[in-house]
2 protein chains.
Amino acid sequence: MEYPQESFAATTFTTGSFWARRREVVRKQTLRHQLKMLKDTGRYDAFKLKWHPSYSDPPTVYPVPNHQFWDSDVAKWIEGACYLLMDSFDSEIDAAVKEMVQMIQGAQQADGYLNIHYTVVEPGKRFTNLRDMHELYNAGHLIEAALAHHLYYKNDELLSPILKYVDLFVATFGDQDGQLLGYPGHPEIELALLRLYKVTGNPEHLKLAKFFIEERGNHQGGKGKRHYYDVEAEARGENEHELPTCYPAARSYWYQQAHKPIAEQETIEGHSVRAMYLLTAVADLVRIHQPTSETGAKFLPALHRLWSNMIEQKSYVTGGIGAIKKWEGFGIDYFLPHGTDEGGCYAETCAAIGVMMLAERLLRLELNSQYADIMELCMYNAVLTGMSLDGKAFTYVNHLASSNEDLSERYEWFECACCPPNVTRTLGFLGGYFWTHTTSHKRAVVNVHMYTSATLNLKVSDSTVTVTQKTEWPWNGDVEFETCTDGPPVELELRLRIPSWATSWEIAPRPDNLKIANGYLHLSAEWLREHSKFRLSCPMKPRFVRPNPLTMQPVAYVTRGPIVYCVEDVDHPWEQQHFKRTILDLNASLKEELRSEPDSYIAIVAENGSKGELDTSAWDGQIVAEPKDEVSNGSKNLTFIPYYLRANRGGRGQMRVGLRVL
Amino acid sequence: MEYPQESFAATTFTTGSFWARRREVVRKQTLRHQLKMLKDTGRYDAFKLKWHPSYSDPPTVYPVPNHQFWDSDVAKWIEGACYLLMDSFDSEIDAAVKEMVQMIQGAQQADGYLNIHYTVVEPGKRFTNLRDMHELYNAGHLIEAALAHHLYYKNDELLSPILKYVDLFVATFGDQDGQLLGYPGHPEIELALLRLYKVTGNPEHLKLAKFFIEERGNHQGGKGKRHYYDVEAEARGENEHELPTCYPAARSYWYQQAHKPIAEQETIEGHSVRAMYLLTAVADLVRIHQPTSETGAKFLPALHRLWSNMIEQKSYVTGGIGAIKKWEGFGIDYFLPHGTDEGGCYAETCAAIGVMMLAERLLRLELNSQYADIMELCMYNAVLTGMSLDGKAFTYVNHLASSNEDLSERYEWFECACCPPNVTRTLGFLGGYFWTHTTSHKRAVVNVHMYTSATLNLKVSDSTVTVTQKTEWPWNGDVEFETCTDGPPVELELRLRIPSWATSWEIAPRPDNLKIANGYLHLSAEWLREHSKFRLSCPMKPRFVRPNPLTMQPVAYVTRGPIVYCVEDVDHPWEQQHFKRTILDLNASLKEELRSEPDSYIAIVAENGSKGELDTSAWDGQIVAEPKDEVSNGSKNLTFIPYYLRANRGGRGQMRVGLRVL
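About the criteria used
- Residues numbered from 1 in each chain as written.
- Chains lettered and ligands numbered in written order.
- Predicted model: local features only at pLDDT ≥ 70, side-chain atom pairs only at ≥ 80, totals over all residues.
- Heavy atoms only, no water.
- Least-squares fit on C-alpha atoms with pLDDT ≥ 70 in both.
- Contact = heavy atoms within 4.5 Å.
- pLDDT = per-residue confidence, 0-100.
- Helix = DSSP H or I, 4+ residues; strand = E, 2+ residues; numbered from the N terminus.
- Polar contact = N/O pair within 3.5 Å; in protein donor to acceptor, adjacent residues only side chain to side chain.
- Domains from an automatic or database assignment.
- Buried area = accessible area lost by both parts, 1.4 Å probe.
- Salt bridge = Lys/Arg side-chain N within 4 Å of Asp/Glu carboxyl O.
- Nonpolar A, V, L, I, M, F, W, Y, C, P; charged D, E, K, R; others polar.

- The name an unreviewed UniProt entry gives chain A is Non-reducing end beta-L-arabinofuranosidase, with Penicillium subrubescens as the organism.

Here it is as structure tokens:
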């Protein structure tokens, strides 16, 4: 059992490479910027358990107090900081982590309880609203922070109080007399407990995670034989018409993926971050018990079903998920409008981070490039778009098209600040996503999911195996590989993902027999012994792709390799309507243009790429009109830039990914 | 000042004609069927003020008790019955009206109050929740019933208690000390009071209607300088998170068109029936005060603006309005999906009845065929589709495409039964929509908005002017006109609407100078003196029309004259997916086929009209794919039938109006 939050340490991104540069920005700029934000907003000091004026603010998203997530904001920052400190020591960051850990220690109650809101604002009300509140979610992030802290500092200063907190959960939740049959409205603690279990080996940690997962959505829970959230709401004396803001109707438990047991869920529903965190934990549970176990047989079909439903019916071209703002989540099948003025679009940064998490877990259950394709897609587009080039501005929602209500822009922080530190920690352990490996006696198998200039160092028996990639990815699809072993020989096998977007590819030298399984090219130990250097080439060229016609989106996208492109007004000063009426010419040739400002990237220029503007004058004063030529104003050039680069070069915030085709 | 509910009496539909036959079904079948429903469900006896078991049922649409509208169901039936009794006496219907009127009389409280719910179920709570409850809406329908009763029975048995009830309103509502500054959540009483004012001439009736209209949406009302619905909710001790089911968020007063004063509303929002009833009253108020008055200057721009927004951005091809089920109303501009599995569609029957009402009022303010075009569109499609051919089954929601969740089918009644008796009363006074007229001394102007075989008899001075139309409309666009005057000569002028769908038209004999203004052909008294018979021809041919491309609906519709067509599975047994993947060939020729079963109509057959089925296999397991030929399975014939005829010929409930084009 391995997790990317540990395995990343074996990866070194080559200095100056795409991801090394992004991670350097996070290390040098983002951590400091976010630390300042934590301090300025009161989060940094919140574990001192003093009253903060904002605690009196009415909830923006009823009934959840705005400061409810503060614990997790701090925890995610600590987690990310610990990963990045492993790159290079930073005394300011180190000191902040240490002070925060001290404050967390000091905030713990005698019985182990450790939560800002329920200690300072509503003492005595702990565990009375698992459905809406985020106690267990916060605890999950504290566990993850403690694991990262333990990994870097190699002490128990954070892990120890957290273990005491977990003991309280173990005593509190379960199906024994006197225990609560509840589970968190926002999953997170499940995956954290499973990771913790690996470190502690404590079967109670596994058992509690399994309980939370298996009890979820049970309408016959406990003595009352009722849904726990009903029991709990009744105990709170809640009026069923007092709806949480995110609920379209009373008892919308699908919002929390708690409308039925996970194994029985047919479609992916509700809040998209919750869904991803939950399924990540389910995948981990299956892995711990083995896919062939009873637990595997129970949950694996649901994992496959829900993943397929998400990818085929509920995902955007960027890998972003969630069309509906109200519940920050999934709409009905194929309902994927691109912007607020077209019916919605959400694609929260945290949700795409969750897709990466789930994809990585599924890859560990079944090496299949479909998962890695999506993981790469999300990383370059739906996640990376969440942070500015300078590392100091972020998105929460990632529309595919701007609108007057929602321009394409980033913010230095959010009242609900889940996304910024989530990007930080994800970039912190990013190396863990690029490859997975299994080692045994004098033997290693490395599955290469994604390509970048980086080195993997593996301890195998008494040797160190090194796998090096050298590439200009994502701009150039040539990857030079080199493997070597320091010490006694090791049988090294490699499996290289062939991206689904690669319409052709080659490997040089070319093995006599190409073995490809589930989208991975298998390179045997025998072949690698003779070929310590080789090159994989996946030529990247710009192309037009289209969404499933059942989405009713009459658009095409420009992509190149794993990168999804967009147009911005800064390159098209004539544009005034968010490119809503710009008609793409699918016959236009797409020319690559290497640029170096504000960062190096390949832009794509389509000469006369726009046929003109959609002309709807035939419909003036009418509901319908007879078909006619609907284009006017003549052709224009279009310049496409990577979606993740949007809102970094000025302009008026007009942006669109999918352009209209006729 | 004239209203269609009075002027209809001058029209006689020719026996055997399209509308004469529909009205006969209503007279002979629908009235009886609905009377039985009123009796079976408890509504008939409800004015006896006894407890009905259903009064204990929890509200289906919180917080509105399910029986809240019963008063109006009874009132609309009485209203419709009185109109239809004028066609021919029916002792059973007459007896039922009389008994119901007696029960209504008996239900009136000493102070004039007259409402089932607040007398039986929640006495003492009257007028405490104008926002959600339907007291004033019910009262409006009672006023309209009383006016119809008065028209037919020529006595005050219903009008008299209703006038006493209105006196109570006059005393209760207004801006004087001790009065309530409130107005109804569901408009209706406004238009009823204005019609009542015409009969009573009582300035208090006009004043009260004007108060309700002008106070609406005032955020600075009364002493508290707050929105009345806030004041009222606070007085009820209501938690702001206890949301009415129809509200997506607290204080969603746009649902009731009360988010801002009517004159300031930029876009048409919220519950579509409420919007139409409200604007109908506003148009009447403008007419009463004259468009050139201060009232006219205040409201006329809003009427034009909201009408245009509705037609250009928020209407379906059938004239149906409202895409959103939750609030039974308008979505954002151009958000017009066609079925539940595509993102929604509502198009409530009552809302289309409301569009007809508003269009007729606007025609009286400004003779412009754009209003009559929409009125005709709604009548043949969005309203007529609301009732089965046998007059005993109804729709509430009118999707343009069926889905597994919402098949194309009709029901004998509804818990919230607004639509069935609304169709009844609308067909009762339907003649009032076909033409409007003004008469003065020896002079008459008749504006002919719609065509059918019918005769208009007008008393002008000491003469009777008769205008007769003879036509097979809506199947044939030839209309034979004949005018005559019984008595001393009358200067008769005619204005004939040229439908916007008529790509060509002619009149024979042809006047030397054709005067056309705002879509109406003006025939002078001079010309008519010499041409008492003439023929207008508006050739009807099937054609493909398309929605505004900004709706993102890649479909085309088949229409012919005013009729919108659909496909049903009963003609296409191969269809299994609600025609969602059926690709229309816009080059297919459309052949007319005269049919006589289950009624006479023109079907349209497109040989090889379907190119095949949308093939999305390229997207299996993928979010996007490269463009390719997306059609498979070969061409098939398509048979289109009028949308209003759907769900009358068996089948599995699969139906679609707009077919996909590539």
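Read on for the rest.
**Section: the relation of the copies chain B and chain A**
Then, number 1: Of the two same-sequence chains, chain B is brought onto chain A (RMSD 0.0 Å, axial shift 0.0 Å) by a rotation of 180 degrees. In symmetry terms, the pair is related by a two-fold rotation axis. Closest approach to the rotation axis among the C-alpha atoms of chain B is made by B:Glu242, whose C-alpha sits 2.0 Å away.
Then, number 2: Taken together, the interface assignments show that 100% of the residues at the interface of chain B recur at the interface of chain A, consistent with an identical surface on both copies.

**Comments concerning the confidence of the model for chain A**
Then, number 1: Per-residue confidence for chain A gives a mean pLDDT of 97, with 100% of residues at or over 70.
Then, number 2: Scored as a complex, the prediction yields pTM 0.96 and ipTM 0.95.

**Describing the environment of B:Arg495**
Residue and element names in this part refer to chain B.
Then, number 1: Along the chain, Arg495 falls in strand S7 (residues 491-497).
Then, number 2: Filtering out sequence-adjacent residues up to four positions away, Arg495 remains in contact with Leu367, Val445, Val446, Asn447, Val448, Tyr520, Leu521 and His522.
Then, number 3: Only 3.4 Å separates the side chain of Arg495 from the side chain of Glu493, close enough to count as a polar contact.

**A closer look at the domain arrangement of chain A**
All names here are of chain A.
Then, number 1: When cut into domains, chain A gives domain 1 (1-241), domain 2 (255-409), domain 3 (441-537) and domain 4 (543-660).
Then, number 2: On a C-alpha basis, the centres of domain 1 and domain 3 stand 37 Å from each other.
Then, number 3: Contact residues are listed per partner, giving eight residues for domain 1 and eleven residues for domain 3.
Then, number 4: For the pairing of domain 1 and domain 3, the buried interface totals around 650 Å² over both sides, and the portion due to carbon and sulfur atoms is 56%.
Then, number 5: For the interface between domain 1 and domain 3, the tally reads zero salt bridges.
Then, number 6: One can count four residue pairs in polar contact (both at pLDDT 80 or more) joining domain 1 with domain 3.
Then, number 7: Residue contributions to the side of domain 1 that touches domain 3 peak at three residues, all from strand S1 (residues 11-13).
Then, number 8: Partitioned by chemical class, the residues of the side of domain 1 that touches domain 3 number four nonpolar, four polar and no charged.

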